Amino acid sequence: MTLLALRSVKKDFGIKEILKDATFSIEEGDKVGLIGVNGSGKSTLLKAIAGLETIDSGELWKNSGAKIVYLPQQPDVEEDHTVLEQVFADSGENMRLVREYEEISAKLAHNPEQTDRLLGKLSAVSQRIEAAGAWETETNAKIILSQLGIEDFEARVGDLSGGYRKRVAIAAALLAEPDVLLMDEPTNHLDALSVEWLQSYLNRYGGALFLITHDRYFLDRVTNRIVEIDRGDLYTYSGNYAYYLEKKAIAEEAAQSSQRKHQNVLRRELEWLKRGPKARSTKQKARIDRVHEMQDTEFKQAQGKVEIATAGRRIGKKVIELHHICKAYGDRVILQDFSYNFNREDRIGIIGPNGIGKSTLMDIITGRLEPDSGHVEIGSTIHFGYFDQHSDDVNLNPNQRVIDYLKDIAELVKTADGSIITASQMLERFLFPPNQQYAPIHKLSGGEKRRLFLLRVLMQAPNVLILDEPTNDLDVQTLAILEDYLEDFNGCVIVVSHDRYFLDRTTEMTFAFEGQGILRQYPGNYSVYLDYKKAAEQAAAEQQQQTQTKVSKSQTKTPQKTTQKDNKPRKLSFKEKREYTELEAKIPHLESEKEAIENTLYTNPPEDYTELQTLTEKLAQITKTIDTATERWLELAERVEE
């Protein structure tokens, strides 16, 4: 069944034509990845489908029975909501039932004279909640949030960082269980474990998916169709990202071959015309018309590619030396006695959960931040290029022209082959055509701003390049070119990233933050690191199983010997007599505690639902404890009587 469809859709922003004649559809079960260079219109297309952006002409049809949920790059949230309230904001009936339950519980606490009536209503709402599966929805929400790294469900959303707000929005979108889920860069700000979990979740997801992502492993393993947007045109490939790459290469080769054949035929026909044939016959006139028609034929040039060819800089023997670095914020230890000497050929990937201290380490290396103890030594030839997560937001003046932003660094640029080009020519190599170069920066897309900031960093010819989450908002084509550039980069490269593919392509050593200030070194790229961790976990599990087996065997030997020696019931040992006496005193105490909890729940229930749920769970636990204690007391009592 078709869930949505575009038919001959056009969209133009004046300086750029986003969609020329876009036609495609999404069916049930589709998992579609949308790719294209930054600024090609990927986010605009998703916004149009979500109803947040108008189209100039054509038809955008949506199945009236289909629920569509859109997850933007920067989601809007209610800052005063708690995490759970934000997640349930669009959950409709389920959330209304839970809130009604909480309101009735609050009235019970303040209106004891209405206890019977309110308990009846509470029971009715409880039955409706059970029927609707609202409790299960809340449990699922907590599971999803936990997998995304959020444990404090009552935290105020306004107090969360942008990355954690995005995680809350992802949880809300997944919990809504739409027929079509639109996701714009869902893996931004997620650590590797969260990305793995989300990837697995979306593989099992029953609805249709239309997403934009730079994570090529994620794209390859989640999607079953790729839609490419290229200068206003849409091209569909039935398969995952690896299939797309294969077919794209074949298509480009075929297009180039077709263009070469066309040019060869046209050249021969033009030579014929130059010989001055007389257009007397109908056949000759038709041939002349065909030449004119061939001259008017336009071939779409291959998609432009970012050209990174900035000049290098000499790097000396001494690069960066870290000696016994310690850093903490209050009781939270970031680094504890870390030492390492970077060399000129290092390709290092730094990994770890969000907030563990990766960016702090980068700031210490570059001198932006002083360690609590230890010291950093920088070689005299070292020039840093720091492509971080936030400097583009700080350094970009939205009203400054694109060309002027680069001219602040240099008007002339020396390239890797030694030639000198203008800032404008350098911009063209980074896919900024002349009409964009004189536009204000605020006209650029988020990805184009990141690409512009990357160009500014590289134009300064660094010999130590630090890339802090470089894949956020850069398109897959630019990332592929950047990866090739880093292979030949004459200097040290340090990459902080959660992008598994990028780490595998660019790094040869992994530094992993493992908590409590421990930063451990592993040889090899990210996949090698994962293999090492899996092997270590498997070895630990096998060791634990062997230990448990030994303990179990030792525990089963003693009873067997006792049985052989004496088949008669054993009298109570001194220890068992004491246990028997203690249980006789303990069980009445537990019964009293149980009765007190039951009285609270039925006569004066707490207003807060979380507290109410805690009491309910405590009642279940104490009932279980009483049953276990009573069973043990009866067992001992039988032997006392004997």
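Described in the following lines is the structure provided in the data block. (Residues numbered from 1 in each chain as written. Predicted model: local features only at pLDDT ≥ 70, side-chain atom pairs only at ≥ 80, totals over all residues. Heavy atoms only, no water.)

Take the overall build of the protein chain next. From N to C terminus, the protein chain includes 21 helices and 20 strands. When burial is assessed residue by residue, the protein chain has 44% of its 642 residues classed as buried. Of the contacts made within the protein chain by residues no fewer than 6 positions apart, 68% connect residues no fewer than 24 positions apart. Approximately 33700 Å² of the protein chain is accessible, and the part contributed by carbon and sulfur atoms is 48%. (Helix = DSSP H or I, 4+ residues; strand = E, 2+ residues; numbered from the N terminus. Buried < 20%, exposed > 50% of the residue type's maximum accessible area, 1.4 Å probe, protein only. Contact = heavy atoms within 4.5 Å. Areas by Shrake-Rupley, 256 points an atom, 1.4 Å probe, with all protein chains shown as cover.)

A separate point is the packing of aromatic side chains. Summed over all chains, the structure comprises 14 aromatic pairs. With a centroid separation of 5.5 Å and 50° between ring planes, the pair formed by Phe-24 and Phe-210 is classed as tilted. A residue pair is termed long-range when its members are at least 10 positions apart, and Phe-24 in strand β2 (residues 17-27) and Phe-210 in strand β7 (residues 208-212) qualify at 186 residues. You can call Phe-24 buried: its relative accessible area is 6%. Ring centres 5.9 Å apart and planes at 75° place the aromatic pair Phe-338 and Phe-511 in the edge-to-face group. With Phe-338 in strand β11 (residues 332-342) and Phe-511 in strand β19 (residues 509-513), this pair connects stretches of sequence that are 173 residues apart. Owing to a relative accessible area of 5%, Phe-338 belongs among the buried residues under this scheme. Among the aromatic residues, those joined into a ring-pair cluster are Phe-338, Tyr-340, Phe-342 and Phe-511. Of note, Arg-456 hangs over the ring of Tyr-405, and the distance from its end group to the ring centre comes to 4.4 Å. (Phe/Tyr/Trp six-rings, centres within 6.5 Å; stacked < 30°, edge-to-face > 60°. Lys NZ or Arg CZ within 6 Å of the ring centre and 35° of its normal.)

Strand order in this open sheet of three strands is β11-β10-β13, and the pairing throughout is antiparallel. Where the open sheet ends on each side, the last strands, each with one partner, are β11 and β13 (373-378). Geometrically, the sheet is characterised by an average inter-axis angle of 20° between neighbouring strands, direction not taken into account. The strands that helix α11 (residues 358-366) touches are β10 (320-329), β11 and β13; relative to β10, the one it contacts most, it runs at about 130°. (Pairing = 2+ DSSP bridges. Axes fitted to C-alpha atoms, helices over the stretch in contact; angles between N-to-C directions.)

Moving on: the packing of helix α6 (residues 162-175) against helix α7 (residues 192-204). Two elements in contact, α6 and α7, have axes separated by 13 Å at closest approach and are oriented at 15°. Classified by the angle their axes make, α6 and α7 are roughly parallel. Of the two possible hands of crossing, α6 and α7 adopt the one that is left-handed. On the side of α6, the interface is formed by Arg-167, Ile-170 and Leu-174, while α7 contributes Ser-194, Trp-197, Leu-198, Tyr-201 and Leu-202. A breakdown of the residues in the contact of α6 with α7 according to their chemical character gives six nonpolar, one polar and one charged. (Parallel < 35°, antiparallel > 145°, perpendicular 65-115°, else oblique. Left-handed = near helix turned anticlockwise from the far one by under 90°. Nonpolar A, V, L, I, M, F, W, Y, C, P; charged D, E, K, R; others polar.)

Residues of α11 that are buried include every one of Lys-358, Thr-360, Leu-361, Met-362, Ile-364 and Ile-365, and no others. Just beyond α11, the residue with positive phi is Gly-367, at close to 85°.

Let us look at the sheet that holds β2. Two orientations exist for strands paired in a sheet by backbone hydrogen bonds: parallel and antiparallel. Ordered in space as β2-β1-β4, the three strands form an open sheet in which the pairing is antiparallel. Only two strands of the sheet have a single partner each, and these edge strands are β2 and β4 (57-62). The average angle at which neighbouring strand axes cross in this sheet is 10°, direction not considered. The sheet contact formed by strand β1 (residues 2-12) and β4 spans five bridges and is antiparallel. In the sheet register, Lys-10 faces β4, and the bridge partner there is Ser-57. Helix α1 (residues 42-50) contacts β1, β2 and β4 of the sheet and is inclined by roughly 60° relative to β4.

What follows concerns the nonpolar core. Of all hydrophobic cores here, the largest spans 42 residues; its most connected members are Leu-174, Leu-181 and Leu-202. Once residues lying within four places of it in the same chain are set aside, the contact partners of Leu-202 are Lys-31, Leu-174, Leu-181, Met-183, Leu-209, Phe-218 and Val-222. Counting residues in hydrophobic clusters, the runner-up holds 41 residues, among them Ile-308, Phe-432, Leu-482 and Tyr-485. (Core = buried A, V, L, I, M, F, W, Y, C linked by side-chain atoms within 4.5 Å.)

Moving on, we come to the pattern of salt bridges. Using the criterion set out here, one finds 21 salt bridges in the structure. Among the salt bridges present, the one from Asp-159 reaches Arg-156, with a minimum N-O distance of 3.0 Å. For Asp-159, a relative accessible area of 59% translates into the label exposed. Residues Lys-318 and Glu-377 are paired through a salt bridge, measuring 2.7 Å at the closest nitrogen-oxygen approach. (Salt bridge = Lys/Arg side-chain N within 4 Å of Asp/Glu carboxyl O.)

The next thing to look at is a negative patch on the surface. A cluster of acidic residues, Glu-591, Glu-595, Asp-627 and Glu-631, forms a negative patch on the protein surface. Sorting the residues of the negative patch by element identifies α20 (574-603) and α21 (609-641) as the ones contributing at least two each. Topologically, Glu-591 is positioned in helix α20. Judged by relative accessible area, which is 38%, Glu-591 ranks as partly exposed. (Patch = residues over 30% accessible without salt bridge, like charges linked within 9 Å, V, L, I, M, F, W, Y side chains within 5 Å. Lys, Arg positive; Asp, Glu negative; His and termini not counted. Charge placed at Lys NZ, Arg CZ, Asp CG, Glu CD.)

A few words now on the environment of Val-464. Residue placement: Val-464 occurs in strand β17 (residues 464-468). Not counting chain neighbours up to four residues away, the residues in contact with Val-464 comprise Ile-315, Val-319, Ile-320, Ile-382, His-383, Phe-384, Gly-385, Phe-489 and Cys-492.

Let us now look at the packing of helix α5 (residues 134-147) against α6. Between α5 and α6, whose axes approach to 10 Å, the crossing angle comes to 140°. Here α5 is positioned oblique relative to α6, judged by the angle of their axes. Both α5 and α6 take part in a crossing whose hand is right-handed. Each of Thr-137, Asn-140, Ala-141, Ile-144 and Leu-145 in α5 lies in contact with α6, whose residues at this interface are Val-168, Ala-171, Leu-174 and Leu-175. Across the contact of α5 with α6, the residue classes break down as seven nonpolar, two polar and no charged.

A separate point is α5. End to end, α5 covers 20 Å across 14 residues, agreeing with the expected 20 Å (1.5 Å per residue, within 8%). By the burial criterion, the buried members of α5 are Ala-134, Trp-135, Thr-137, Glu-138, Ala-141, Ile-144 and Leu-145. Gly-149 sits one or two residues past α5 and shows a positive phi near 90°. (Expected span 1.5 Å × (residues − 1).)

In short, geometric facts, not functional conclusions.
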